[in-house]
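# Coordinate inspection notes
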Amino acid sequence: VADELTALQRNMVAQVRARGGARDERVAEALLAVPRHHFVPDLPVEAAYQDEALVTKRDADGRPISSSSQPTMMAVMLEQLDLRPGQRVLEVGAGTGYNAALMAHLVGPSGAVVSVDIDTDLVDTARANLARAGHPEVRVVCADGAGGFATAAPYDRVIATVGVWDLAPAWGEQLTPAGRIVVPLDLGGADRSVAFEWSGDHWTSRSLLPCGFVSMRGVLAGPQRTMVIDADLSIVVGDGRELPAAAVSAALTGAPAVHPTGVLAGPRDFFEGLGLWLAVHEPRRCTLSEAAAAVTPRLGRAPLAIQDRRVTTGAADGDSLAVLLRPAQAGEPHGLEACGYGPRGDELAAGLATLARGWQAAGRPGSAGMRIAAYPRAADGPAPSPDGLVVDRPHTRFVLSWPAG
Ligand SMILES: C[S@@+](CC[C@H](N)C(=O)[O-])C[C@H]1O[C@@H](n2cnc3c(N)ncnc32)[C@H](O)[C@@H]1O
């Protein structure tokens, strides 16, 4: 049995490495040392060692609110965090406790790990899981992670393992001056895992990678909302406004108003560049996702396939929406089409096509070479306005830029 377990663990680490995670030997060693199946005790052991996110809790509407994240994503973020033996670390989002255990392994007996979760039941199971896996020293606390955990501060590292919409002032206050913060930053439907360090009067990104996480709840929750339109289709609405599901569903079955964009973008350009551009520029942004197995597909020409779903992005306003789709005629480089549905679909599609062309004209900016500066917003005094794309959140002004070279 021990041999089988070792084989499963090695196989998982091989999958993680094949996908670009765990290049750091210490992270690979932690993945081999901490048994993941102790953190998902309700699943078969084999399932625990797949390189997949495992949902452990859903809300009343079936949306995931807690999971053990995909091991590759965890490995990548642990590399961004760059933990050393003896360090003190705060995690926001204890979930199953697995990542906390990996961190406990990395900081060793002279370090300390505190992990916070907002749900009491999750805290109880994380504690039990950690004890079973041989890491009872991890301190698991039930609290809204927006407040950090001042009692055990200061920390050398702070990591959020839940999608954050804003940087909580408490995280910076509870960090040592040379410390580092790693967060999955939700830039409006386009998530980037960002490692931040303090430089003078703001946080500067040191590394930045695409990712996807469940969203933070509590006082720092963003406005976005997931609307389940029907069994096959769901829409994430960036500004959180309610959409009339029946009207949207009906609109999507009609013939669209088509605006060719002239912009060619493959899945990678779309995921890393155009999607981020739209997220930052379109306040009514939305992301549509449809089951690939849908009987009557409405997003058959969606530019992205993520796991078993087709995904695209656009803008929604009440009973109308517009999305970007691949051109109907295959084989010719026509570029993406902005397709509008419902009474104001034409107008929304025209706006979407203009934004797509704006991305092209700006040099098709994407994650590669992007920097994010994060300025804590003071209640008094003017907000800094360096060059770049500004994304304002209640506590932070984020400025995205693409330094030359
Ligand atoms: C993707 S899971 C974390 C996975 C976890 N690190 C692991 O290894 O299993 C995200 C977690 O964040 C928690 N969460 C959401 N909002 C929170 C908040 N405001 N404060 C603390 N935890 C929060 C959720 O309850 C959920 O358990």
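Residues numbered from 1 in each chain as written. Predicted model: local features only at pLDDT ≥ 70, side-chain atom pairs only at ≥ 80, totals over all residues. Heavy atoms only, no water.

Take the packing of aromatic side chains next. Going through the model one piece at a time under the given rule, you end up with two aromatic pairs. Considering the side-chain rings of Trp198 and Trp203, the 4.9 Å spacing of their centres and the 70° angle between planes classify their relative orientation as edge-to-face. Residue class for Trp203 comes out buried when judged on its relative accessible area of 9%. Across the ring face of Trp165, the terminal group of Arg393 is positioned such that the distance to the ring centre comes to 3.4 Å. (Phe/Tyr/Trp six-rings, centres within 6.5 Å; stacked < 30°, edge-to-face > 60°. Buried < 20%, exposed > 50% of the residue type's maximum accessible area, 1.4 Å probe, protein only. Lys NZ or Arg CZ within 6 Å of the ring centre and 35° of its normal.)

Moving on, we come to the pattern of salt bridges. For the structure on display, the rule yields 27 salt bridges. Between Glu290 and Arg310 there is a salt bridge, with its nearest N and O atoms 3.5 Å apart. One end of the pair, Glu290, is in strand β13 (residues 285–291); the other, Arg310, is in strand β15 (residues 309–317), and 20 residues separate them in sequence. No difference in accessibility class separates Glu290 from Arg310, as the two residues are buried. Linked through salt bridges whose partners overlap, the residues forming this network are Asp239, Arg241, Glu282, Arg284, Asp317, Asp319 and Arg344. (Salt bridge = Lys/Arg side-chain N within 4 Å of Asp/Glu carboxyl O. Helix = DSSP H or I, 4+ residues; strand = E, 2+ residues; numbered from the N terminus.)

Taken together, the neighbourhood of the ligand is formed by 26 residues, with Ser66, Thr96, Asp117, Gly145 and Arg217 sitting nearest. Asp117 places a side-chain nitrogen or oxygen 2.7 Å from an oxygen atom of the ligand. With respect to the ligand, the side chain of Asp144 contributes an N or O atom lying 2.9 Å from a nitrogen atom. The protein chains hide 99% of the 600 Å² of surface that the ligand would expose on its own. When contributions to the shell around the ligand are tallied by element, the ones reaching two or more residues are β2 (64–68), β3 (88–92), α5 (98–107) and β4 (112–117). Of all the elements, β2 adds the most residues to the shell around the ligand, at four residues. Class assignment of the residues belonging to the shell around the ligand gives a composition of 11 nonpolar, 11 polar and four charged. (Near = heavy atom within 4 Å. Polar contact = N/O pair within 3.5 Å; in protein donor to acceptor, adjacent residues only side chain to side chain. Areas by Shrake-Rupley, 256 points an atom, 1.4 Å probe, with all protein chains shown as cover. Nonpolar A, V, L, I, M, F, W, Y, C, P; charged D, E, K, R; others polar.)

So, on to unusual backbone geometry. Going from Ala153 to Pro154, the amide bond is cis rather than trans, its omega being 5°. Tracing the backbone through its elements, the reader meets Pro154 in the loop between β5 (139–142) and β6 (155–160). At Asp82, a position not held by glycine, the phi torsion is positive, near 55°.

Spatial strand order, β5-β4-β3-β6-β7-β8-β9-β18-β20-β19: 10 strands in an open sheet with mixed pairing. Each having just a single partner strand, β5 and β19 (389–392) make up the two edges of the open sheet. Across the sheet, the mean angle separating the axes of adjacent strands is 20° when strand polarity is ignored. Sheet topology places β19 next to strand β20 (residues 396–401); four bridges connect them, and they run antiparallel. Bridging across to β20, Asp392 finds its partner in Arg397. (Pairing = 2+ DSSP bridges. Axes fitted to C-alpha atoms, helices over the stretch in contact; angles between N-to-C directions.)

Positionally, Asn129 belongs in helix α6 (residues 120–132). Setting aside residues up to four positions removed in sequence, Asn129 forms contacts with His38, Phe39, Pro41 and Thr96. (Contact = heavy atoms within 4.5 Å.)

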